[in-house]
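Now for the letters of each chain:
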Amino acid sequence: MSDRDEIRRVHTLRQAEGYLELNMPESAVAVLNRLGESDALGARGLYLLGESYRSMERYCEALVPLSKVATLAPEDPHVSLAIAWCYKRVGRLEYAIESMERALEYSSRCAILHYYLACYLSLAQRIPRSLRHLSRALTLDSKLRELVDDEPDFDPIRTDPGFVTLTSLVV
């Protein structure tokens, strides 16, 4: 890739980021498509493309570039979170759980990964595992406790004695 092509690519990625920040995902997709094939986008461009589709609630389409990024940067927790988000919304909860578990292999001390895994496990009625990950999330970042009461993903386990105990002990 020539210097000029690289400058153009970087400029295009910055434009796409700007459009996403302005909540204009359609414009971000249009700008990214100017670069051509997904190989020209690189990991950052593929991530932006996936995030754009996700913002437009086109979850199946978002999974294509996000899955490519996951192979290029498996250690990036943002990618795993985005993939899991999409899988949940297309009714593939098992894949959402797998995505979070893979992310934790690289970032075991990332509280938000444990939190979302607990959410997905709750929806899957895997109560003991959900409680373990929720406990870990709250231990790593007690501020996440503020989210629990309003999190509908915990509705399936909200009356479980272990959940009640865990959420009443953590302040």
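Here the structure is shown first, and the text comes after it.
Overview of the structure. The shown structure was predicted, so the numbers you read here are calculated from the model rather than taken from an experiment. (Residues numbered from 1 in each chain as written. Predicted model: local features only at pLDDT ≥ 70, side-chain atom pairs only at ≥ 80, totals over all residues. Heavy atoms only, no water.)

1. Re the packing of helix 5 (residues 77–89) against helix 6 (residues 93–106)
For the pair helix 5 and helix 6, the least separation of the axes is 7 Å and the interaxial angle reads 170 degrees. The orientation of helix 5 with respect to helix 6, classified from their angle, is roughly antiparallel. Across from Ser80, Leu81, Ile83, Ala84, Tyr87 and Lys88 in helix 5, the residues of helix 6 making contact are Leu93, Tyr95, Ala96, Ser99, Met100 and Ala103. (Axes fitted to C-alpha atoms, helices over the stretch in contact; angles between N-to-C directions. Helix = DSSP H or I, 4+ residues; strand = E, 2+ residues; numbered from the N terminus. Parallel < 35°, antiparallel > 145°, perpendicular 65-115°, else oblique. Contact = heavy atoms within 4.5 Å.)

2. Concerning helix 8 (residues 127–140)
Compared with the 20 Å implied by 1.5 Å per residue over 14 residues, the 20 Å span of helix 8 between its first and last C-alpha is a close match. Listing the buried residues of helix 8 in full gives Ser130, Leu131, His133, Leu134, Ala137 and Leu138. Projected onto a plane normal to the axis of helix 8, the buried residues spread over an arc of 170 degrees and lie on a single side. Across helix 8 from its buried face, at more than 90 degrees, point the exposed residues Pro128, Arg132 and Thr139. (Expected span 1.5 Å × (residues − 1). Buried < 20%, exposed > 50% of the residue type's maximum accessible area, 1.4 Å probe, protein only. Arc of directions from axis to C-beta.)

3. Topic: helix 2 (residues 25–33)
Think of an α-helix as 3.6 residues a turn; residues three or four steps apart then line up on the same face. Three or more residues of helix 2 are buried, namely Pro25, Ala28, Val29, Val31 and Leu32. Seen end-on, helix 2 carries its buried residues on one side only, within an arc spanning 165 degrees.

4. Regarding the packing of aromatic side chains
Evaluated as defined, the whole model comprises five aromatic pairs. A ring pair is formed by Tyr115 and Phe154, whose centres lie 5.7 Å apart and whose planes are at 85 degrees; its orientation type is edge-to-face. Of this pair, Tyr115 sits in helix 7 (residues 111–123) while Phe154 is found in the loop between helix 9 (145–148) and helix 10 (161–169), placing the two residues 39 residues apart along the sequence. Relative accessible area serves as the criterion here: at 0%, Tyr115 is assigned to the buried category. Judged by its relative accessible area of 0%, Phe154 is buried. The interplanar angle of 40 degrees and the centroid separation of 5.6 Å between the aromatic rings of Phe154 and Phe163 together place this pair among those described as tilted. Grouped by ring-pair contacts, the aromatic residues Tyr115, Tyr116, Tyr120, Phe154 and Phe163 constitute a single cluster. Looking at Arg89, its charged tip hangs above the ring of Trp85, at a distance of 3.3 Å from the centre. (Phe/Tyr/Trp six-rings, centres within 6.5 Å; stacked < 30°, edge-to-face > 60°. Lys NZ or Arg CZ within 6 Å of the ring centre and 35° of its normal.)

5. Notes on the environment of Pro25
As for its position among the elements, Pro25 is in helix 2. What makes Pro25 buried here is its relative accessible area of 4%. Placed 24 residues apart in sequence, Pro25 and Leu49 show a C-alpha to C-alpha distance of 8.6 Å. Not counting the four nearest positions on each side in its chain, Pro25 is found in contact with Tyr19, Leu20, Ser52, Ser55 and Met56.

6. Quick word on the environment of Gln125
Relative to the helices and strands, Gln125 resides in the loop between helix 7 and helix 8. Considering only alpha carbons, one finds Gln125 and Leu81, 44 residues apart in sequence, at a separation of 20 Å.

7. Overview of the nonpolar core
With 49 residues, the main nonpolar core has Tyr115, Tyr120, Leu134 and Phe154 as its most contacted residues. The biggest single contributor to this core is helix 7, with eight residues. The contacts of Leu134, once residues within four sequence positions are left out, are His114, Tyr115, Ala118, Val148, Phe154, Phe163, Leu166 and Thr167. (Core = buried A, V, L, I, M, F, W, Y, C linked by side-chain atoms within 4.5 Å.)

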